[in-house]
Amino acid sequence: MRRGKPWAWLVFVLGALYFMLPLVATIQFALSIRRGTYSLDAFTNVLYDAHFQESFVYSFIIGLCAIVVGVLIVAPAAYFVRLRLPRLRPIIEFLTLLPLVIPAIVLVFGYIRLYNTSSFINLTGSALGTDILLTFAYVALALPYMYRAVDTGLRTIDVQTLTEAANILGANTPTILFKVIFPNIIVALLSGAFLTLAIVIGEFTIASLLNRPAFGVYMQNVGANRAYEPAALAIISFIFTWVAMGMIQLLARFAPKTAPS
Amino acid sequence: MFPSSNEPLTGATNVAPVGRGGWIGRLPRLRLGEVLGVAPFIIFAVMFLVLPPFYLFGLAFTDKAGQFTLQNIVDLGQPLIVSAFWISILISAASALIGAVVGLFIALAVIRGNLPGWIRAVVTTFSGVASNFAGIPLAFAFISTVGRLGILTILLRTVFHIDIYRSGFNLFTFSGLTLIYCYFQIPLTILLITPAIDGLKREWSEAAETLGAKPWQFWTYVGIPVLWPNLLGTLSLLFANAFGAVATAYALTGTSINIITLQLYAQIRGDALQNPGLGAAIALAMVAIAAFANVIYLIVRTRAERWLK
Amino acid sequence: MPEAAPRRPEFLRLADLVKEFGGIPVVKDANLAFNKGEFITLLGPSGCGKTTILRMIAGFERPTRGSILVEGKDISALPPNQRQIGMVFQAYALFPNMNVENNVAFGLKIAGMPAEQRRARVEEMLKLIGLSGYGKRYPFEMSGGQQQRVALARALAPKPRMLLLDEPLSALDAKIRVSLRQEIRAIQRDLGVTTIFVTHDQEEALSISDRIVVLNAGNVEQVGTPFEVYNRPATRFVATFVGTLNTLNATVLNVADRSVAVDGQAFQLAALPPGAAANAPLALTMRPEAVSLGKPNGQDVVLQGRVAEVSFLGSVIRLKVDLGQNMLSLDTFNDTHTPPPALDQRIEVSLNSSDILILPN
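For every chain, the first residue of the written sequence is number 1, and numbering continues from 1 along that sequence. Chain labels run from A onward and ligand labels from 1 onward, assigned in the order the entries are written. Thresholds applied to this predicted model are a pLDDT of at least 70 for local features of residues and 80 or more for the giving and counting of side-chain atom pairs; totals over whole chains, interfaces and linings are not thresholded and use all residues. Side-chain descriptors were evaluated using all non-hydrogen atoms of the structure, hydrogens and water having been removed beforehand.

### Some points on the pattern of salt bridges
Residues and elements named next belong to chain C.
Then, number 1: Any carboxyl oxygen of Asp or Glu that lies within 4 Å of a side-chain nitrogen of Lys or Arg is treated as forming a salt bridge with it. Across all of its chains, the model carries 26 salt bridges over all chains by this definition.
Then, number 2: Where E71 meets K36, a salt bridge forms, and the shortest distance between an N and an O atom there is 3.9 Å. Highlighted residues: E71 in the loop between β4 (65-70) and β5 (73-74) and K36 in the loop between β2 (24-35) and β3 (39-43), separated in sequence by 35 residues.
Then, number 3: Here's how the labels work: a residue is buried when its accessible area is under 20% of the maximum for its type, exposed when over 50%, partly exposed in between, all with a 1.4 Å probe on protein chains only. When its relative accessible area of 43% is taken as the criterion, E71 is described as partly exposed. What counts as a helix is a DSSP run of H or I of at least four residues, what counts as a strand is a run of E of at least two, and both are numbered from the N terminus.

Take a look at the structure:
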């Protein structure tokens, strides 16, 4: 009963082939830029390209902003809903489901019409305004994941009991929030942060419709104009996503748990 | 900003007496701190999640002069748009089905196939990565593999003398797009269905065995029925996921594949339809379709959670 | 009670059974024989191998060496679904998507019994466990005790040759545990099915078994009736695991007249273990209920001590008597007319030398 069942091995091997093949092929393709030999030229071309660096940095910074804004929006809300406003939970959860129901392209269409130069809140009229709009758009995209990460983190550390214990010992709310709760959900927050980053870095639809020099737009350009560099980009992007996901897995091991599971 | 320290922090919120006022009578009395805590979230959600669709809803019923009209909805019936919707639905349904079935088998193999322990960890991590590896890089990867000059295409032609493009395969079509979509649909399925398979307690299959059941009988009478709600929910999530995808298709062929998201993209980008109202109508129809899929997911999930307390 | 039952034919035999996980032995050379219709309990602490033995009988674990014979035939190679055994699990394991009726009928359906007959049998089983009328309920609508009874009905419906229960009561409240174990025993007696029950609770084991197998770290320490296991424990482990045991550290005084001394007080034993030498230490063990207050029945060993602790448990009073270096636990029945001794009171206690056990470790 302990030996691996044969059908399971078959399925695994077939699956591994389907998933490994494109990756292997892409690496091979990227290395074949110079006829007849393997070279890293495609990679160096990309990495030394000023546009690559600029757009990557741009997307990275926007990603960081989206993380900060996301945390500031989600963390207090999740805390208060869990602790004192449980009736709000269905509403909040419905709102966090919206980005999964409404496709990104529809959202950005709405933003462009709602927050353009002729409306009440003008965001698309300036570069900074558009950047802000982009950041908020990414916060919206990452919202379901960020909320779920924070909510799970709060549940795992049994926020209710921790707050009561701290309260009895004399702490007031700000102290509890910053000295007790926050340090314990840092791991959950970081998980949400890495996921947000992974979403933001490669995002194309919103960035291109808002005309911002994001990494996704840059990649699309390279794809339209070059042959081998896109493959190198794909590998770089894949490695980046792998690192981000790997960090999340690593963090999961360090997550504190105080609630009986 | 926060409530003073001598007020009780937790416990039931202060509820106004339930009178004939009904729902209003049961609103909790909120303290300032609580309001300020959830306000940013609510404001953000309203501004960036609720208002835009509502605005588009209104725009869909507006003509170019700003008057109310149903013409945009009627115009949704244009052959180009209808076929775009139809193709999108087909691709989404196909990739969702394939993704769900293949993903289910892989998840079952990894979790219940008695494979070495490291395989599960690798598959989980990889699924997390692959389900996020959508969009442009994924298109690039497939072009490098089975595009006209892709490594695999050339390999098959030179070594095995099989010209897949001569035989009718073409990456830059709907079937090619479906194949690419499976690359993230399958891992997404694995991620979504793993908790449910974990939830299939060993004792159930052992109990079934002592009662004389063969494996297929266990799966037929217990396994699949218990997994079914989760499977259905996964299917609808996969469908909505593929339905709203833009970047992969765009990177593949620009706007030449006729799927509805690309139609909308072209419209927004360059006002290709010369009619923002129609664009809004398209957006609305997309949301309706995706919402329908998600409603199924929610209904099915609530019924499942009842059983598996 | 132990010898009065008629000889029943042998039903299950475990021969030289060994189970190793990755080279580490979990069950070592088990040789056991059980008779038809017997209620056997495998008793021991966590990790002693009792569940592993049960699972080998069920077919979920394959023995590393040895064989399992049912009615003379070796079943070690048979898969679980062909062994015709009923099994009840600690976590109930009722199929969540089926109501009570369908759960109970599951084994019958697999066996191909027609619907009419299935319905009749299910009714019969529900009546047996006292849950008639609960047929349409779902597991999530029922309490733990009810679910476990349904699990029992489900296991018994296909008339299995053997019933295996893996710590079925451990997940239940104390009160339910007591009433349900009596119910299980009554049903088993009714149906006469050979039953193997696994538990770590010695009170459970003592109260319902025909025979008990006491296991420790993979070894069978003793097989016997509850009376035998309690009153004639074969090893120190059995004596301490089943019930409470007093241990007094004595010194041998004189081998010829079998005299020993505990805390300076001398008395004679019924027998000394072979190889005992003068001035050698010796561990004497006895049950608390073997020790009496005073000398009511002319017991031959009398000791003086000071009351160190008094626990009034209702019908039983447990005293701890300090003899100097040794502490003696003494159980005595409540006497409605006489209050228990006071703390620090000097008292006399006595016991029969024949009740003193000298046990190998």
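Read on for the rest.
### Some details on the sheet that holds strand β14 (residues 281-286) of chain C
All names here are of chain C.
Then, number 1: When DSSP locates at least two bridges between a pair of strands, those strands are taken to pair. Taken together, four strands build an open sheet; the order of strands is β13-β12-β11-β14 and the sheet is antiparallel. Strand pairing shows two members of the sheet lacking a second neighbour, β13 (265-268) and β14, which therefore form its edges. Ignoring which end each strand starts from, the neighbouring axes of this sheet average 40° apart. An axis is simply a line fitted to the C-alpha atoms; with a helix, the fit covers only the stretch in contact. Between two such axes, the angle follows the N-to-C directions and lies from 0 to 180 degrees.

### Here we look at empty space enclosed by the protein
All names here are of chain B.
Then, number 1: A cavity here means a set of points on a 1 Å grid, drawn over the protein atoms and nothing else, where a 1.4 Å probe fits but cannot get out; a pocket is an open set with protein on both sides within 12 Å along at least five of seven lines, and a residue lines either one if it has an atom within 4 Å of a point. Grid points are joined across faces, edges and corners, and a volume is the space filled by probe spheres set on the points. Summed over all chains, the structure comprises five cavities of 30 Å³ or more.
Then, number 2: Put simply, the largest cavity is a space of about 50 Å³.
Then, number 3: The wall of the largest cavity is formed by I106, A107, V110, I111, R120, V123, T124, I190 and T194.
Then, number 4: Tallying contributions element by element places helix α3 (residues 79-112) first for the lining of the largest cavity, with four residues.
Then, number 5: Its volume calculated, the second largest cavity comes out at about 40 Å³.
Then, number 6: S88, I91, S92, L177, Y181, A242, F243, A245, I259 and T261 are the residues that line the second largest cavity.
Then, number 7: At the level of elements, α3, α7 (174-198) and α9 (215-243) are the ones that each hand at least two residues to the lining of the second largest cavity.
Then, number 8: Looking at the lining of the second largest cavity, the element that brings in the most residues is α3, giving three residues.
Then, number 9: Residue polarity follows a fixed list, in which Ala, Val, Leu, Ile, Met, Phe, Trp, Tyr, Cys and Pro are nonpolar, Asp, Glu, Lys and Arg are charged, and the others, Gly among them, are polar. The residue makeup of the lining of the second largest cavity, split by class, is seven nonpolar, three polar and no charged.

### Comments concerning unusual backbone geometry
Peptide bonds are mostly trans, and most non-glycine residues show a negative phi.
Residues and elements named next belong to chain C.
Then, number 1: Of note in this structure, K159 is not a glycine but carries a positive phi near 50°.
Then, number 2: Summarising the element assignment, K159 is placed in the loop between α4 (144-156) and β7 (162-166).
Then, number 3: According to the relative accessible area criterion, K159 is exposed, its value standing at 61%.
Then, number 4: The phi dihedral of E167 is positive, around 45°, even though this residue is not glycine.
Then, number 5: With respect to the helices, strands and loops of the structure, E167 is situated in the loop between β7 and α5 (174-191).

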